[in-house]
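# Summary of structural features
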Amino acid sequence: MLRKAELSCEADSENYLGGSSETMYFIGLDVHKKTISYCVKDAAGRMYKEGKIGSTRRELDNWIRTLPQPRMIAMEATIFTGWIYDHLLPHAEKVKVAHPLMLRAIAAAKKKNDRIDAGKIADCLRCDFLPECHMSTPEIRDRRRTLRYRNLVLRQMVQMKNRVSDLLMESGVSYDKQRLHKVGDFTDLFSASEEINESIRPLLKLSREHILRSQRLDRPLIRSLERDPLLSERLRRLRTIPGVGPITALTWALEIGDYTRFRSVKEAISYCGLCSAEKSSADKVMRTPISKQRNKHIQHILVEAAKMAPRYSHELALVRDKEMQKGNRNRATLAVARKMVAYMLAVERRQQDFVPAEQLAGKAVA
């Protein structure tokens with residue numbers, strides 16, 4: 001009888017969490033724009049419930065009341081994940097978000113549909129195989145949304161400027177590239193040039209209005225973030241680093257979020273996409289090009305900042321010159337960007353302003 005009880009599912013210690021008599025239930029969600037497929041399993045992997053609900057707060061509230069407790073919930077990271085994560089967080093022991101690429105590698109199968117995907121997410125959560133990704137706080141996510149919106153506005157403005165140049169070149173209009181988009185010069189060109197065809201004048205006017213509207217949007221968005229009480233002191237410290245301006249500081253603060261999640265500088269550099277992927281087999285180690293698994297927003301800003309930073313810092317100039325001796329300009333830029341990541345992470349951890357190495361050496365001698 002004892003042997004029989006040991007082999008039964010009811011005596012399985014995995015059915016109990018922390019020695020309590022309550023079974024933990026694991027819920028996998030496959031989230032889409034209009035529907036959410038769900039699968040509920042117990043610790044032994046037995047199916048408790050599965051189905052589909054609408055992607056609305058009301059239906060989520062009605063659905064969560066029908067589920068047993070205690071429970072853990074997991075879902076794949078999508079554009080819809082943020083609000084669902086925040087809404088379900090008070091109703092579960094834990095809510096986890098899975099990294100899409102890593103989850104796909106673990107749960108790949110020949111047959112795929114929403115019901116199966118929800119079951120696999122529940123199994124990964126139950127077996128502790130879920131490749132969890134970091135979820136920033138709602139406050140950081142709200143401000144990051146504003147910054148990314150500003151970046152979108154800026155990209156559209158650049159596209160419009162390029163389109164104006166294209167229209168003029170198509171029509172054979174000569175212009176000064178350096179002065180084209182200044183207010184007075186564009187007005188003079190538009191009114192005085194006889195080379196501008198009547199067919200493109202409405203398009204040029206619309207493009208110019210779009211550029212001016214984008215410029216008017218850019219400044220208020222940046223000012224609102226810089227003056228935010230949650231960010232102002234953090235941004236001030238980051239801007240004490242040579243070469244770190246307002247956009248670089250804002251992007252770091254909002255894209256990194258909680259800096260304590262990085263155990264080392266190497267992890268932060270990898271997250272920022274400033275190192276190549278590694279493939280090792282036996283005694284062979286091969287370095288591939290820059291990995292695509294990165295935060296593309298912060299990678300772009302850091303690379304652009306690294307091109308200018310050596311002008312403001314003797315230490316960064318030495319880093320760049322050392323790499324330039326090897327004859328690769330791009331590697332020199334990446335080396336400066338990695339050094340800037342180390343500086344910013346150190347400033348965040350110490351909660352102090354940046355002090356150049358020359359000043360530290362002078363204090364040590366004194």
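A short tour of the structure in this document, coming up. Predicted model only: the values in this text are computed from it and were never measured.

Locating Asn151 in the fold gives a position in helix 6 (residues 138-170). Looking at Asn151, its side chain comes within polar contact range of the side chain of Arg150, at 3.2 Å.

As enumerated under the stated definition, the model contains 0 disulfides in all. Left unpaired, Cys127 is separated from the closest cysteine sulfur, that of Cys124, by 7.5 Å.

Moving on to the sheet that holds strand 2 (residues 35-42). Pairing between the strands of a sheet is mediated by backbone hydrogen bonds and can be parallel or antiparallel. The 5 strands are arranged 3-2-1-4-5 in an open sheet whose pairing can be described as mixed. The outermost strands of the open sheet, each flanked by one partner alone, are strand 3 (47-54) and strand 5 (94-98). Taken over all neighbouring pairs, the strand axes of this sheet differ in orientation by 20° on average, direction set aside. Of the pairings in the sheet, the one linking strand 4 (residues 71-76) to strand 5 comprises 5 bridges and is parallel in character. Paired with Met75 across the two strands is Val97, which belongs to strand 5. Across the sheet, helix 2 (residues 57-64) is in contact with strand 1 (25-31), strand 2, strand 3 and strand 4; its angle to strand 3 comes to roughly 160°.

Moving on, we get to the nonpolar core. One finds Leu250, Trp252, Cys272, Leu274, Met340, Val341 and Met344 to be the most contacted residues of the largest nonpolar core, which totals 37 residues. Among the secondary structure elements, those contributing two or more residues to this core are helix 6, helix 8 (201-226), helix 9 (232-238), helix 10 (246-256), helix 11 (265-271), helix 12 (296-308) and helix 14 (329-350). Element by element, the count of residues in this core is highest for helix 14, at 9 residues.

Our focus in this paragraph is the environment of Leu230. Among the secondary structure elements, Leu230 is positioned in the loop between helix 8 and helix 9. Residue Leu230 is classed as partly exposed on the basis of its relative accessible area, which comes to 45%. Between the C-alpha atom of Leu230 and that of Lys120, which follows or precedes it by 110 residues, the distance is 39 Å. With near-sequence residues (within four places) excluded, Leu230 lies in contact with Glu139, Ile140 and Arg143.

So, about a nonpolar patch on the surface. There is a patch of nonpolar side chains on the surface, built from Tyr149, Leu152 and Leu217 and spanning about 260 Å² of accessible area. According to the relative accessible area criterion, Tyr149 is partly exposed, its value standing at 45%.

Here we take up the environment of Glu315. Along the polypeptide, Glu315 turns up in helix 13 (residues 314-324). For Glu315, the contacting residues outside a window of four places in its chain are Tyr343, Pro356, Ala357 and Glu358. Within the structure, the side chain of Glu315 is placed 2.6 Å from the side chain of Tyr343, a separation counted as a polar contact.

Glancing now at the pattern of salt bridges. On inspection of all chains with the given rule, the structure shows 20 salt bridges. Notably, a salt bridge pairs Asp228 with Arg143, separated by 2.8 Å at the nearest N-O pair. With Asp228 in the loop between helix 8 and helix 9 and Arg143 in helix 6, the pair connects residues that are 85 residues apart, well separated along the chain. Arg143 matches Asp228 in its accessibility class, with the two residues each being buried. Ionic pairing is found between Arg148 and Glu255, a salt bridge with its closest N-O pair at 2.7 Å. Highlighted residues: Arg148 in helix 6 and Glu255 in helix 10, separated in sequence by 107 residues. Residue classification places Glu255 among the buried positions, given a relative accessible area of 1%. Connected via shared salt-bridge partners are Glu233, Arg236, Arg237 and Asp353.

Rules behind the numbers
- Residues numbered from 1 in each chain as written.
- Predicted model: local features only at pLDDT ≥ 70, side-chain atom pairs only at ≥ 80, totals over all residues.
- Heavy atoms only, no water.
- Helix = DSSP H or I, 4+ residues; strand = E, 2+ residues; numbered from the N terminus.
- Polar contact = N/O pair within 3.5 Å; in protein donor to acceptor, adjacent residues only side chain to side chain.
- Disulfide = S-S within 2.5 Å.
- Pairing = 2+ DSSP bridges.
- Axes fitted to C-alpha atoms, helices over the stretch in contact; angles between N-to-C directions.
- Contact = heavy atoms within 4.5 Å.
- Core = buried A, V, L, I, M, F, W, Y, C linked by side-chain atoms within 4.5 Å.
- Buried < 20%, exposed > 50% of the residue type's maximum accessible area, 1.4 Å probe, protein only.
- Patch = residues over 30% accessible without salt bridge, like charges linked within 9 Å, V, L, I, M, F, W, Y side chains within 5 Å.
- Areas by Shrake-Rupley, 256 points an atom, 1.4 Å probe, with all protein chains shown as cover.
- Salt bridge = Lys/Arg side-chain N within 4 Å of Asp/Glu carboxyl O.

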